[in-house]
Amino acid sequence: MSSFEFNGITKDYISVARDWTLPAFAPIEREYTEVPGRAGAIQTEMRTGVRRFQLPIIIHSKTFEEKQLFAEDLAEWLIHKNPKPLVFEKYPNRVLFAAIEGTLDLPQMLKRGKGVLQIVCEDPYAYSRKEEKFAFKDGAAIIRNKGKISVKPTIALNVLRDISHLDLFTDLAYMRVGQPANLGESAVVKLVRVLWEQMNSLIGWSENGTSVDGGIVAGAFASNGYEFYAGSYGDGPKWHGPSGKASIPNAPLRNFRVEVRLRFPSPRGVYGRAETYLLDDQSNVIAKIAMKQTGATKGNAVEVRLGGGEDYKYILNYAGSKGIEWDNFDGVLSLEREGNVWTAYVAQIDPDTGRHTSRLSQSMGRYVDTEQRFVGNLSQIQLHIAKHSDLPHPFIRFLDLKIFRINEVPKEDPRIIAREGDQIEVNFKAGKIYLNGKERPDLKGDFGAQFFELPKGVTPILLDPADAFEATAAIREGYR
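Just so it is clear, the structure is predicted and the values come from calculations on it, not from any experiment. (Residues numbered from 1 in each chain as written. Predicted model: local features only at pLDDT ≥ 70, side-chain atom pairs only at ≥ 80, totals over all residues. Heavy atoms only, no water.)

Draft legend 1. Geometry of the sheet that holds strand 12 (residues 154-159). The strand order across the open sheet formed by 6 strands is 10-38-12-34-35-36, and the pairing between neighbours is antiparallel. Taken across any chain shown, the strands that pair with only one partner, and hence form the sheet edges, are strand 10 (132-135) and strand 36 (438-439). In this structure, strand 34 (residues 423-427) lies alongside strand 35 (residues 432-435), joined through 4 bridges in antiparallel fashion. Paired with I424 across the bridge in strand 35 is L435. (Pairing = 2+ DSSP bridges. Helix = DSSP H or I, 4+ residues; strand = E, 2+ residues; numbered from the N terminus.)

Draft legend 2. The arrangement of the nonpolar core in detail. Ranked by size, the top nonpolar core spans 45 residues in total, and within it L335, F398 and I403 carry the most contacts. A total of 5 residues in this core trace back to one element, the largest contributor, which is strand 22 (residues 256-264). The residues touching L335, leaving out its near neighbours within four places in the chain, are F256, R257, V258, L278, A287, I289, V304, L306, I315, W342, T343 and A344. Judged by nonpolar contacts, the second largest core, of 39 residues, contains I143, A173, I417 and V426. (Core = buried A, V, L, I, M, F, W, Y, C linked by side-chain atoms within 4.5 Å. Buried < 20%, exposed > 50% of the residue type's maximum accessible area, 1.4 Å probe, protein only. Contact = heavy atoms within 4.5 Å.)

Draft legend 3. A nonpolar patch on the surface, seen in detail. A contiguous nonpolar surface patch, about 290 Å² in accessible area, is contributed by F25, I28 and M46. In this fold, F25 is placed in the loop between strand 2 (14-16) and strand 3 (28-33). (Patch = residues over 30% accessible without salt bridge, like charges linked within 9 Å, V, L, I, M, F, W, Y side chains within 5 Å. Areas by Shrake-Rupley, 256 points an atom, 1.4 Å probe, with all protein chains shown as cover. Salt bridge = Lys/Arg side-chain N within 4 Å of Asp/Glu carboxyl O.)

Draft legend 4. Layout of empty space enclosed by the protein. For the structure on display, the rule yields 1 cavity of 30 Å³ or more. Roughly 40 Å³ of internal volume is contained in the largest cavity. Together, V260, L262, A274, E275, T276, I289, A290, M291, L333 and F398 line the largest cavity. When residues of the lining of the largest cavity are traced back to their parent elements, those giving at least two are strand 22, strand 23 (272-279) and strand 24 (285-293). For the lining of the largest cavity, the class distribution of residues is 8 nonpolar, 1 polar and 1 charged. (1 Å grid on protein atoms, 1.4 Å probe; cavity = no way out; pocket = protein on both sides within 12 Å on 5 of 7 lines; lining within 4 Å. Points joined across faces, edges and corners; volume = space filled by probe spheres on them. Nonpolar A, V, L, I, M, F, W, Y, C, P; charged D, E, K, R; others polar.)

If you want it as structure tokens, here you go:
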């Protein structure tokens, strides 16, 4: 018997039944057209279909109860919305990107449960388990695709200076991100960072005169050189904990974006909140963004409120469609205002790829203030971590805070899309562009730009502007 790895995980209670082999290649589908008066037919199309196969498995258990627990764990492990990497012990150098369909019937046997998993691979090819990486030098990378099929690369770029665009091209195709300026034009900056707090020191943060919703300020913040956390919570019958306030350079800001990087673990039975207050120059609250666990939902919930005092509006008080999207949160919360449009954003950050996951849908986080109720300008920022009474609490940390001024820029003007220190990923296989982990479909350039393939053999990829990036291309060699 052999085992398999799915989504990077192997379970010791499950094995693949004997005498099973992986189909040699994905199904080939052909279409034909019959011509009157001619024998046979003419082939009009040949394509590779979706790869589907059955995987017989055995669950090794000692009791009925244990088997039920294994079955529940199996469902959590295998069922995902999107395909995940699948590697068989018998074929350790190949990976499929697979999903589970149907159900799994397990007979009521005491020590073993035999069943069949229905596997579907919308991408029908097998790939090398190891990614091959190629560095760009002087604006060019030479890609050697030793596989048997054309593949789509992933290009990762560290930005060295302000750019309005980047072009990637081969002899046959090109991809454009952003839009270059014409001769005589200057690219304009829409987002200007006015504050970047990396949480390495409490210097500049004051605790005087701060107040919080439904509780009191108590205790004190501490920093370990890269995070703010509650060094002490103080005492209180309701919500209580430390709070710090800082002034924003070049304030007041009319159009702005506030981005907070936060870690908020959520073991069951704990209660806590992490709040960011947006204040005017008189310390009046113009908005608040928060992550909280109050017991009202299964998982962490996000709260976004405009205004304060007696005039306010909640545009979010939400734990996700499943109630668990932001459990063990390690991600970003942001709120911006441009004109009379407020936009909130929430996402987990994948620790391996840096990509944003479990994102809040754009429509849910958008509010148009047609009545001009919430027009205060941003001058100060306030952070707060709290526990409730003597209830258990999680270890919450603020990791990063960025505040931007949003400039008014005509839509037709070329814009600076990335600045020094930013990271761009162009994922040709997924057909997606990421800026600092956030998916940015709006950055795809010309209509003719495409997420191109690299054929078997050697292909040069050219990058422009060549001096603006440190870049690498990565591929997985593919096989039928």
